[in-house]
Amino acid sequence: MSAPDRYGVMGYPISHSRSPVIHRLFALQSGQHMQYELLQVAPDKLESAVQQFQRTGGRGLNITVPHKSEVARLADELSDRARIAGAVNTLIFQDEKIFGDNTDGIGLVRDLTTNLQLELRGARILILGAGGATRGIAGPLLDLQPRSLVIANRTLAKAEALATHFSSYGSVTACRFNDLPDNEPYDLVINATSAGFKGENPPYPESAVGSATVCYDLSYGLTATPFSQWAAAQGAARSLMGWGMLVEQAAESFQLWRGVRPDTITVLNQMTINAS
Ligand code: ATR
């Protein structure tokens, strides 16, 4: 039998990544002859590590924190969504060329609209945070044609820069956490800060959450994240963690590489079995 096709995920640090488990489950499920490696690569070694992976026959990579912006520079061609996000989470090596794509936003949208059956056209959406995670999701969320998208951030200037960047794709407003444009609860509140990840608990805006609000933390854990605990305590209709986005963005990458759409729900259930 021939050697398995090689894929992997590069990040720094990387030991916590769930991607190998997810892609192995996808491969098993769909009978794909492939292997998926965990690759810890420091920022100053990124270029040489990507080149070496390509040179030695690698077929594709996932790219995670902190390399998502930097790696865009190494691609010969970028998808529109990667270019708009200014970030890449998937590389495809083909015909000696490197294609860069970003499946984070579409992964979130699939979880929200297909798995959770949320109707977001005409909705009012609030994103907390204005870093790389927000850059990845804002474009695909605006494609759903919400009534408005508000980006609230501790540092106003960063929210303003993103609002300007995305303004040609829909109605986007920037503000600070304590200065939301109105006091009505939002339909959807997404936590895209890295605060919980660092064990910090910022003063999220209480007026944003009402009994019909769905709250979604891009972070995930085997126990509730600080934001999802906060959202439940505010009386949100639902308080969800980002497991679905994690599995859906992986499925999009897998489909780009292998041309096969995996069954995500089975894998999601396997991943979160201890998290409910
Ligand atoms: P990522 O790629 O995960 O988005 P990032 O680009 O460093 O990481 O952005 C982190 C985001 O989390 C930023 O919006 C940051 O707010 P600032 O722009 O003000 O730094 C936000 N964040 C991190 N820790 C926070 C905290 N304790 N309180 C509020 N916001 C926080």
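Residues numbered from 1 in each chain as written. Predicted model: local features only at pLDDT ≥ 70, side-chain atom pairs only at ≥ 80, totals over all residues. Heavy atoms only, no water.

A. Just the UniProt feature "active site" (unreviewed entry) in the protein chain, in detail. Under the feature "active site" (unreviewed entry), the UniProt entry names Lys68. By secondary structure assignment, the location of Lys68 is in the loop between β3 (60-63) and β4 (77-78). By relative accessible area, Lys68 is classed as partly exposed at 23%. Apart from residues no more than four positions distant in its own chain, Lys68 is found in contact with Ile63, Gly86, Ala87, Val88, Asn89 and Asp104. (UniProt positions renumbered as here; feature names shortened; annotations may be inferred. Helix = DSSP H or I, 4+ residues; strand = E, 2+ residues; numbered from the N terminus. Buried < 20%, exposed > 50% of the residue type's maximum accessible area, 1.4 Å probe, protein only. Contact = heavy atoms within 4.5 Å.)

B. Examining the site of the ligand more closely. What surrounds the ligand is a group of 16 residues, the closest being Ala130, Asn153, Thr155, Lys158 and Glu200. Ala133 places a main-chain nitrogen or oxygen 2.9 Å from an oxygen atom of the ligand. Here an oxygen atom of the ligand and a side-chain polar atom of Arg154 are 2.9 Å apart. Within the complex, the protein chains bury 76% of what would otherwise be the 640 Å² of accessible surface of the ligand. For the shell around the ligand, the class distribution of residues is 5 nonpolar, 7 polar and 4 charged. (Near = heavy atom within 4 Å. Polar contact = N/O pair within 3.5 Å; in protein donor to acceptor, adjacent residues only side chain to side chain. Areas by Shrake-Rupley, 256 points an atom, 1.4 Å probe, with all protein chains shown as cover. Nonpolar A, V, L, I, M, F, W, Y, C, P; charged D, E, K, R; others polar.)

C. Representation of the nonpolar core within the structure. Ranked by internal contacts, the top residues of the largest apolar core, which has 30 residues, are Leu108, Leu112, Leu141, Leu188, Ile190 and Tyr216. Among the secondary structure elements, those contributing two or more residues to this core are α4 (104-115), β7 (124-128), α5 (132-143), β8 (148-152), α6 (156-166), β10 (188-191) and β11 (214-217). For Leu112, the contacting residues outside a window of four places in its chain are Gln117, Leu118, Leu120, Leu141, Leu188 and Tyr216. (Core = buried A, V, L, I, M, F, W, Y, C linked by side-chain atoms within 4.5 Å.)

D. Just the environment of Gly131, in detail. Summarising the element assignment, Gly131 is placed in the loop between β7 and α5. Separated by 22 residues in the primary sequence, Gly131 and Asn153 have C-alpha atoms spaced 9.0 Å apart.

E. Highlighting the domain arrangement of the protein chain. Once the domains are mapped, the protein chain shows domain 1 (5-102 + 246-271) and domain 2 (105-241). Spacing between the C-alpha centres of domain 1 and domain 2 amounts to 25 Å. Taken together, the contacts link 13 residues of domain 1 with 13 residues of domain 2. When domain 1 packs against domain 2, close to 1,200 Å² is buried across both sides, 57% of that on carbon and sulfur atoms. Linking domain 1 with domain 2 are 1 salt bridge, by the criterion used here. Between Arg110 and Glu252 there is a salt bridge, and its shortest N-O distance comes to 2.6 Å. Summed over the shared surface of domain 1 and domain 2, the number is 4 residue pairs in polar contact (both at pLDDT 80 or more). Of all the elements in the fold, those that place two or more residues in the side of domain 1 that touches domain 2 are α3 (80-85), α8 (243-258) and α9 (264-271). Looking at the side of domain 1 that touches domain 2 element by element, the count peaks at 4 residues for α8. For the side of domain 1 that touches domain 2, a count of residues per class yields 5 nonpolar, 3 polar and 5 charged. (Domains from an automatic or database assignment. Buried area = accessible area lost by both parts, 1.4 Å probe. Salt bridge = Lys/Arg side-chain N within 4 Å of Asp/Glu carboxyl O.)

F. Broad picture of the sheet that holds strand β2 (residues 34-40). One open sheet accounts for 6 strands, arranged β2-β1-β3-β5-β6-β4; its pairing is mixed. Edge positions in the sheet fall to β2 and β4, since each of these pairs with one other strand and no more. Here strand β1 (residues 5-11) runs beside β2; their pairing, made up of 7 bridges, is parallel. From the neighbouring strand, Asp5 faces β2, where its bridge partner is Met34. The sheet strands contacting helix α2 (residues 46-55) are β1, β2, β3, β5 (90-94) and β6 (97-101), and the helix crosses β1 at an angle near 170 degrees. Each of β1, β2, β3, β5 and β6 is contacted by α8, which is oriented at about 5 degrees to β5, the strand it contacts most. (Pairing = 2+ DSSP bridges. Axes fitted to C-alpha atoms, helices over the stretch in contact; angles between N-to-C directions.)

G. How the structure looks around the environment of Ile125. Within the secondary structure layout, Ile125 lies in strand β7. Distance in space between the C-alpha atoms of Ile125 and Leu188 is 4.9 Å, their sequence separation being 63 residues. The residues touching Ile125, leaving out its near neighbours within four places in the chain, are Leu141, Pro146, Ser148, Leu149, Val150, Tyr186, Leu188 and Ile190.

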